[in-house]
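Letter by letter, the chains look like this.
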Amino acid sequence: MADLDWVYGLHAVENALGQKGKVKEVRLQEGRDDKKTQRIVKLCQSQGLRIQVVPRKDLDQLFSKSKERIVHQGVVALAEVTKAGDEKDLENLVKNLDEVPLIIILDGVTDPHNLGACLRSADAAGAHALVMPKDKSAPLNATVSKVACGAAESMPVFTVTNLARTMKKLQDLGVWIFGTAGEATGTVYEHDFTIPTAIVMGAEGDGMRRLTREQCDYLVKLPMAGVVSSLNVSVATGVCLYEVVRQRAAKANG
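The structure presented is a predicted model; accordingly, all values stated were derived computationally and were not measured.

Observations concerning the overall build of the protein
Alright, step 1. Across its full length, the protein carries 10 helices and 11 strands.
Alright, step 2. Whereas a compact globule of 254 residues would reach a radius of gyration of roughly 18 Å, the protein reaches 20 Å, a difference of no more than 12%.
Alright, step 3. For the protein, the spread of C-alpha atoms along the three principal axes comes to 55 × 40 × 35 Å.
Alright, step 4. Per-residue burial for the protein yields a buried fraction of 47% across its 254 residues.

So, the nonpolar core
Alright, step 1. Leu106, Leu115, Leu119, Leu130, Met201 and Leu241 are the most contacted members of the largest nonpolar core, which has 31 residues in total.
Alright, step 2. Of all the secondary-structure elements, those providing two or more residues to this core are strand S5 (102–107), helix H5 (112–124), strand S6 (129–133), helix H6 (142–148), helix H7 (151–154), strand S10 (197–202) and helix H10 (233–252).
Alright, step 3. With five residues, the top contributor of residues to this core is H10.
Alright, step 4. Counting residues in hydrophobic clusters, the runner-up holds 18 residues, among them Ala129, Val131, Leu163 and Met208.

Some remarks on the UniProt feature "domain: RNA 2-O ribose methyltransferase substrate binding" (unreviewed entry) in the protein
Alright, step 1. On the UniProt side, "domain: RNA 2-O ribose methyltransferase substrate binding" (unreviewed entry) is annotated at positions that read residues 6–85 here.
Alright, step 2. Within the segment residues 6–85, helix and strand shares are 34% and 28% respectively, and the terminal C-alpha atoms sit 20 Å apart.

Describing helix H8 (residues 163–172)
Alright, step 1. Here H8 has its buried residues at Leu163, Ala164, Thr166, Met167, Leu170 and Gln171. One side of H8 carries all its buried residues, which in axial view fall inside an arc of 160 degrees.
Alright, step 2. Here H8 starts with a cap whose side-chain oxygen sits 3.2 Å from the backbone nitrogen of Ala164, and that cap is Asn162.
Alright, step 3. Phi turns positive one or two residues past the end of H8, at Gly174, with a value near 95 degrees.

A word on helix H4 (residues 87–95)
Alright, step 1. What H4 keeps buried is the set Glu87, Leu90, Glu91 and Val94. Seen from one end, H4 has its buried residues packed into an arc of 100 degrees, which puts them on one side.
Alright, step 2. Lining the buried residues of H4 we find S5, S6, strand S7 (157–160) and H8.
Alright, step 3. Where H4 begins, the capping side chain belongs to Asp86, and its oxygen is found 3.2 Å from the backbone nitrogen of Lys88.

Considering the environment of Gly207
Alright, step 1. Tracing the backbone through its elements, the reader meets Gly207 in the loop between S10 and helix H9 (210–215).
Alright, step 2. Here Gly207 falls in the partly exposed class, since its relative accessible area comes to 23%.
Alright, step 3. Along the primary structure Gly207 and Val54 are separated by 153 residues, whereas in three dimensions their C-alpha atoms are 44 Å apart.
Alright, step 4. The contact partners of Gly207, leaving out residues within four places of it in the chain, are Asp107 and Gly202.

Topic: the layout of surface pockets
Alright, step 1. Here the largest pocket defines a volume of roughly 510 Å³.
Alright, step 2. Among the secondary structure elements, those contributing two or more residues to the lining of the largest pocket are S10, strand S11 (218–221) and H10.
Alright, step 3. Here the lining of the largest pocket is built from residues that sort into 12 nonpolar, eight polar and five charged.
Alright, step 4. Contributing to the lining of the second largest pocket are Pro133, Lys134, Asp135, Val160, Thr161, Asn162, Leu163, Ala164, Arg209, Leu211 and Thr212.
Alright, step 5. Grouping the amino acids of the lining of the second largest pocket by side-chain chemistry returns five nonpolar, three polar and three charged.

Parameters at a glance
Residues numbered from 1 in each chain as written. Predicted model: local features only at pLDDT ≥ 70, side-chain atom pairs only at ≥ 80, totals over all residues. Heavy atoms only, no water. Helix = DSSP H or I, 4+ residues; strand = E, 2+ residues; numbered from the N terminus. Rg over C-alpha atoms; globule rule 2.2 N^0.38 Å. Buried < 20%, exposed > 50% of the residue type's maximum accessible area, 1.4 Å probe, protein only. Core = buried A, V, L, I, M, F, W, Y, C linked by side-chain atoms within 4.5 Å. UniProt positions renumbered as here; feature names shortened; annotations may be inferred. Arc of directions from axis to C-beta. Polar contact = N/O pair within 3.5 Å; in protein donor to acceptor, adjacent residues only side chain to side chain. Contact = heavy atoms within 4.5 Å. 1 Å grid on protein atoms, 1.4 Å probe; cavity = no way out; pocket = protein on both sides within 12 Å on 5 of 7 lines; lining within 4 Å. Points joined across faces, edges and corners; volume = space filled by probe spheres on them. Nonpolar A, V, L, I, M, F, W, Y, C, P; charged D, E, K, R; others polar.

Below, the structure is given as structure tokens:
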């Protein structure tokens, strides 16, 4: 399932063009003729896509209603943006996996930049899905796509109505759920992540909601040696994911 939306920025557009048939239209800012832009032009030519060269103000106008400051870098593309799946789609994905599941759950992450960065880390670490509630979550928009550098289109994303209920369903499917919380007694380095795993990352400041926390099998934390009390949620997500990667690689290598 996919909708058409504007994707902006050199990396995001180039990644979208890397998935043939996904991009329907490309617009470039007048006067741009650097190497990165030339790569995009060649990709368009190889796919028979017509490029419109327009004034900067025309590109700015595409995002005039955005509440964020958009830096489009002089290139935008109208592309198919993958829709999020629902709880049933998630259940089907987990049931049909040939690998040990690795899932990221975001509870209350409302910043599109953080969502995009989490998607990028999840994709890089080989996670199978990213799950978040429909309410109080960042939307899957052009900003997320730009920050994710292609991961927003490749990483399966699922938005669910009731996060605690979805977590219970995952547990019924054999997935163990680890919630990250500063008050946890054990660190991520003390738990076994070679088992089917879902890691819950809470919103910055507030952390996980009560019902989410109560549904977790274990609470874990990252050791903090400095004066700051927590890491940015996208950074913490990357650290947790790569501990899973490390453990699974060690087990696979005997």
